[in-house]
Amino acid sequence: QVWTGRVREAARAVESAIDTLAPLNPTPDATKLLGTVEGDLCPLHGAWRNVWTTAADASFSPNSTRGDANVYNVVDGTRSRITNHIDFASGAQFRVLLRATALSPLRVGLRFRFVKVSPPRPILGLLRTIVIPVPGPFLTRVLSLLGRGPKEGPPPAYFDVLYLDDELRVHVTGQGNLFVQRRAPWSR
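Bear in mind that the values here come from a model prediction, so they are computed numbers and not experimental data.

A look at the packing of aromatic side chains
In step 1: Enumeration according to the criterion identifies one aromatic pair in this entry.
In step 2: Aromatic pair Tyr72 and Trp186: ring centres 5.5 Å apart, planes at 80°, arrangement edge-to-face. Residue Tyr72 is located in strand E2 (residues 69–76), and its partner Trp186 is located in the segment after strand E9 (178–183); the two are separated by 114 residues in the primary sequence.
In step 3: In this structure, Arg107 packs its charged tip against the face of Tyr158, placed 3.8 Å from the ring centre.

Structural notes on unusual backbone geometry
In step 1: If you check the backbone angles, Leu33 has positive phi at about 75° while not being a glycine.
In step 2: By the element assignment, Leu33 lies in the loop between helix H1 (5–21) and strand E1 (46–53).
In step 3: Given the relative accessible area of 24%, Leu33 is considered partly exposed.
In step 4: Notably, Ser80 is not glycine yet its phi reads approximately 60°, a positive angle.
In step 5: Note on placement: Ser80 falls in the loop between E2 and strand E3 (81–88).

Side note on a positive patch on the surface
In step 1: On the surface, a cluster of positive charge is made up of Arg81, Arg99, Arg111 and Arg113.
In step 2: Position of Arg111 among the secondary structure elements: in strand E5 (residues 107–118).

Digging into the pairing of strand E4 (residues 93–102)
In step 1: In terms of strand pairing, E3 meets E4 through seven bridges, oriented antiparallel. Residue pairing in the sheet places Ile82 in a bridge with Leu98 of E4.
In step 2: Pairing of E4 with E5, which is carried by 10 bridges, proceeds in the antiparallel orientation. Pairing of Val96 across the sheet is with Val115, part of E5.
In step 3: Once E4 ends, the chain turns through four residues before running back antiparallel as E5.

Definitions and limits used
- Residues numbered from 1 in each chain as written.
- Predicted model: local features only at pLDDT ≥ 70, side-chain atom pairs only at ≥ 80, totals over all residues.
- Heavy atoms only, no water.
- Phe/Tyr/Trp six-rings, centres within 6.5 Å; stacked < 30°, edge-to-face > 60°.
- Helix = DSSP H or I, 4+ residues; strand = E, 2+ residues; numbered from the N terminus.
- Lys NZ or Arg CZ within 6 Å of the ring centre and 35° of its normal.
- Buried < 20%, exposed > 50% of the residue type's maximum accessible area, 1.4 Å probe, protein only.
- Patch = residues over 30% accessible without salt bridge, like charges linked within 9 Å, V, L, I, M, F, W, Y side chains within 5 Å.
- Areas by Shrake-Rupley, 256 points an atom, 1.4 Å probe, with all protein chains shown as cover.
- Salt bridge = Lys/Arg side-chain N within 4 Å of Asp/Glu carboxyl O.
- Lys, Arg positive; Asp, Glu negative; His and termini not counted.
- Charge placed at Lys NZ, Arg CZ, Asp CG, Glu CD.
- Pairing = 2+ DSSP bridges.

Put into C-alpha coordinates, the structure is as follows:
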(Lines give C-alpha, C1' and ligand atoms only; values in the text may rest on other atoms or scores of the structure.)
Protein backbone atom coordinates (compact mmCIF):
# COMPACT_ATOMS: atom_id res chain seq x y z
CA GLN A 1 0.00 0.00 0.00
CA VAL A 2 1.20 3.46 -0.84
CA TRP A 3 -0.84 5.38 1.70
CA THR A 4 0.85 8.32 3.35
CA GLY A 5 0.10 10.94 5.96
CA ARG A 6 -3.57 11.70 6.56
CA VAL A 7 -4.77 8.89 4.30
CA ARG A 8 -2.76 6.31 6.27
CA GLU A 9 -4.12 7.72 9.55
CA ALA A 10 -7.71 7.58 8.24
CA ALA A 11 -7.19 3.98 7.05
CA ARG A 12 -5.86 3.00 10.47
CA ALA A 13 -8.93 4.60 12.07
CA VAL A 14 -11.24 2.55 9.82
CA GLU A 15 -9.29 -0.63 10.59
CA SER A 16 -9.52 0.14 14.31
CA ALA A 17 -13.29 0.64 13.98
CA ILE A 18 -13.52 -2.74 12.20
CA ASP A 19 -11.59 -4.38 15.07
CA THR A 20 -14.09 -2.86 17.52
CA LEU A 21 -17.13 -3.81 15.43
CA ALA A 22 -16.21 -7.44 14.57
CA PRO A 23 -16.84 -8.92 18.07
CA LEU A 24 -20.32 -7.36 17.94
CA ASN A 25 -21.32 -9.30 14.79
CA PRO A 26 -25.06 -10.05 15.16
CA THR A 27 -24.99 -12.74 12.45
CA PRO A 28 -23.06 -15.82 13.63
CA ASP A 29 -24.14 -17.85 10.58
CA ALA A 30 -23.71 -15.53 7.59
CA THR A 31 -23.69 -18.45 5.12
CA LYS A 32 -26.95 -19.98 6.36
CA LEU A 33 -29.04 -21.19 3.39
CA LEU A 34 -26.36 -20.19 0.82
CA GLY A 35 -26.83 -22.37 -2.25
CA THR A 36 -30.24 -23.72 -1.25
CA VAL A 37 -33.73 -23.20 -2.65
CA GLU A 38 -34.22 -20.81 0.28
CA GLY A 39 -31.01 -18.93 -0.57
CA ASP A 40 -32.85 -15.64 -0.95
CA LEU A 41 -33.15 -15.79 2.87
CA CYS A 42 -29.35 -16.12 3.26
CA PRO A 43 -28.09 -13.08 5.21
CA LEU A 44 -25.52 -12.39 2.45
CA HIS A 45 -28.12 -12.40 -0.35
CA GLY A 46 -28.50 -9.10 -2.20
CA ALA A 47 -26.48 -6.24 -3.65
CA TRP A 48 -23.64 -4.66 -1.65
CA ARG A 49 -21.91 -1.38 -2.58
CA ASN A 50 -18.29 -0.80 -1.64
CA VAL A 51 -17.82 1.91 0.96
CA TRP A 52 -14.15 1.33 1.82
CA THR A 53 -11.48 -1.24 1.00
CA THR A 54 -7.77 -1.92 1.26
CA ALA A 55 -7.88 -3.77 -2.10
CA ALA A 56 -6.19 -1.65 -4.77
CA ASP A 57 -7.98 -3.50 -7.59
CA ALA A 58 -11.38 -2.49 -6.14
CA SER A 59 -10.55 1.19 -5.54
CA PHE A 60 -11.39 3.83 -8.14
CA SER A 61 -11.55 7.61 -8.16
CA PRO A 62 -11.87 10.42 -10.70
CA ASN A 63 -8.17 11.16 -10.08
CA SER A 64 -6.94 7.65 -10.95
CA THR A 65 -5.72 6.62 -14.40
CA ARG A 66 -8.56 4.08 -14.53
CA GLY A 67 -11.17 6.72 -13.81
CA ASP A 68 -14.11 6.79 -11.46
CA ALA A 69 -16.35 3.75 -11.07
CA ASN A 70 -19.21 2.37 -9.00
CA VAL A 71 -18.15 -0.90 -7.41
CA TYR A 72 -20.57 -3.39 -5.94
CA ASN A 73 -21.32 -7.09 -5.84
CA VAL A 74 -24.49 -9.08 -5.98
CA VAL A 75 -24.85 -12.25 -3.96
CA ASP A 76 -27.40 -14.68 -5.38
CA GLY A 77 -27.96 -16.94 -2.39
CA THR A 78 -30.16 -19.39 -4.28
CA ARG A 79 -27.73 -19.98 -7.15
CA SER A 80 -24.60 -19.75 -4.98
CA ARG A 81 -23.19 -16.96 -7.17
CA ILE A 82 -21.46 -13.69 -6.55
CA THR A 83 -21.06 -11.20 -9.37
CA ASN A 84 -18.60 -8.37 -8.85
CA HIS A 85 -19.63 -5.26 -10.80
CA ILE A 86 -17.42 -2.35 -11.80
CA ASP A 87 -19.31 0.33 -13.74
CA PHE A 88 -16.89 2.98 -15.02
CA ALA A 89 -17.95 6.59 -15.54
CA SER A 90 -16.81 6.15 -19.18
CA GLY A 91 -19.61 3.60 -19.73
CA ALA A 92 -17.30 0.58 -19.69
CA GLN A 93 -18.42 -2.34 -17.53
CA PHE A 94 -16.49 -5.16 -15.91
CA ARG A 95 -18.12 -8.23 -14.37
CA VAL A 96 -16.52 -11.13 -12.53
CA LEU A 97 -18.74 -14.16 -11.91
CA LEU A 98 -17.79 -16.39 -8.98
CA ARG A 99 -19.21 -19.57 -7.52
CA ALA A 100 -19.72 -19.20 -3.76
CA THR A 101 -19.59 -22.08 -1.30
CA ALA A 102 -20.26 -22.00 2.44
CA LEU A 103 -17.05 -23.36 3.99
CA SER A 104 -18.13 -22.47 7.53
CA PRO A 105 -20.75 -20.22 9.13
CA LEU A 106 -18.54 -17.18 8.43
CA ARG A 107 -16.29 -18.29 5.53
CA VAL A 108 -17.32 -18.17 1.87
CA GLY A 109 -15.16 -20.10 -0.60
CA LEU A 110 -14.91 -18.59 -4.08
CA ARG A 111 -14.24 -20.11 -7.49
CA PHE A 112 -13.77 -17.68 -10.34
CA ARG A 113 -15.87 -18.66 -13.37
CA PHE A 114 -15.44 -15.90 -15.97
CA VAL A 115 -14.80 -12.23 -16.56
CA LYS A 116 -17.05 -10.18 -18.83
CA VAL A 117 -15.77 -6.88 -20.25
CA SER A 118 -18.06 -4.42 -22.02
CA PRO A 119 -16.16 -1.45 -23.47
CA PRO A 120 -17.89 1.95 -23.69
CA ARG A 121 -18.09 1.56 -27.49
CA PRO A 122 -18.23 -1.64 -29.56
CA ILE A 123 -14.83 -2.86 -30.71
CA LEU A 124 -14.55 -2.58 -34.51
CA GLY A 125 -18.19 -1.57 -34.44
CA LEU A 126 -19.20 -5.17 -33.65
CA LEU A 127 -17.98 -6.59 -30.34
CA ARG A 128 -20.01 -5.26 -27.45
CA THR A 129 -18.91 -7.77 -24.82
CA ILE A 130 -15.88 -10.00 -24.35
CA VAL A 131 -16.20 -13.05 -22.10
CA ILE A 132 -12.98 -14.53 -20.74
CA PRO A 133 -13.24 -17.90 -18.99
CA VAL A 134 -11.11 -18.26 -15.87
CA PRO A 135 -9.11 -21.50 -15.74
CA GLY A 136 -10.58 -23.92 -13.25
CA PRO A 137 -8.67 -25.67 -10.48
CA PHE A 138 -8.00 -28.74 -12.66
CA LEU A 139 -6.30 -26.69 -15.39
CA THR A 140 -4.30 -24.78 -12.76
CA ARG A 141 -3.09 -28.07 -11.25
CA VAL A 142 -2.11 -29.41 -14.67
CA LEU A 143 -0.16 -26.23 -15.45
CA SER A 144 1.57 -26.54 -12.06
CA LEU A 145 2.57 -30.13 -12.82
CA LEU A 146 3.91 -29.08 -16.22
CA GLY A 147 6.01 -26.36 -14.59
CA ARG A 148 3.99 -23.56 -16.20
CA GLY A 149 2.13 -22.40 -13.11
CA PRO A 150 2.99 -21.45 -9.56
CA LYS A 151 4.71 -24.34 -7.74
CA GLU A 152 2.54 -23.98 -4.66
CA GLY A 153 -0.60 -23.41 -6.69
CA PRO A 154 -2.84 -20.38 -6.43
CA PRO A 155 -3.90 -19.27 -2.96
CA PRO A 156 -7.41 -20.36 -2.06
CA ALA A 157 -9.99 -17.67 -2.76
CA TYR A 158 -12.37 -16.95 0.10
CA PHE A 159 -13.61 -14.27 2.43
CA ASP A 160 -14.41 -14.31 6.13
CA VAL A 161 -17.40 -12.29 7.31
CA LEU A 162 -16.33 -10.09 10.23
CA TYR A 163 -19.62 -8.25 10.65
CA LEU A 164 -23.00 -8.54 8.96
CA ASP A 165 -26.37 -6.95 9.64
CA ASP A 166 -29.23 -5.82 7.41
CA GLU A 167 -27.31 -2.75 6.19
CA LEU A 168 -23.57 -3.37 6.65
CA ARG A 169 -21.15 -6.12 5.62
CA VAL A 170 -17.49 -6.21 6.61
CA HIS A 171 -15.23 -9.00 5.40
CA VAL A 172 -11.58 -9.87 4.95
CA THR A 173 -10.29 -11.85 1.97
CA GLY A 174 -7.78 -14.68 2.04
CA GLN A 175 -5.23 -12.15 0.79
CA GLY A 176 -5.89 -9.93 3.82
CA ASN A 177 -7.89 -7.19 2.07
CA LEU A 178 -10.66 -5.58 4.08
CA PHE A 179 -14.00 -4.57 2.57
CA VAL A 180 -16.73 -2.44 4.13
CA GLN A 181 -19.95 -2.63 2.12
CA ARG A 182 -23.44 -1.18 2.52
CA ARG A 183 -26.54 -2.92 1.22
CA ALA A 184 -27.60 -1.21 -2.00
CA PRO A 185 -30.92 0.67 -1.79
CA TRP A 186 -32.34 -1.30 -4.74
CA SER A 187 -31.55 -4.57 -2.90
CA ARG A 188 -34.02 -4.15 -0.04
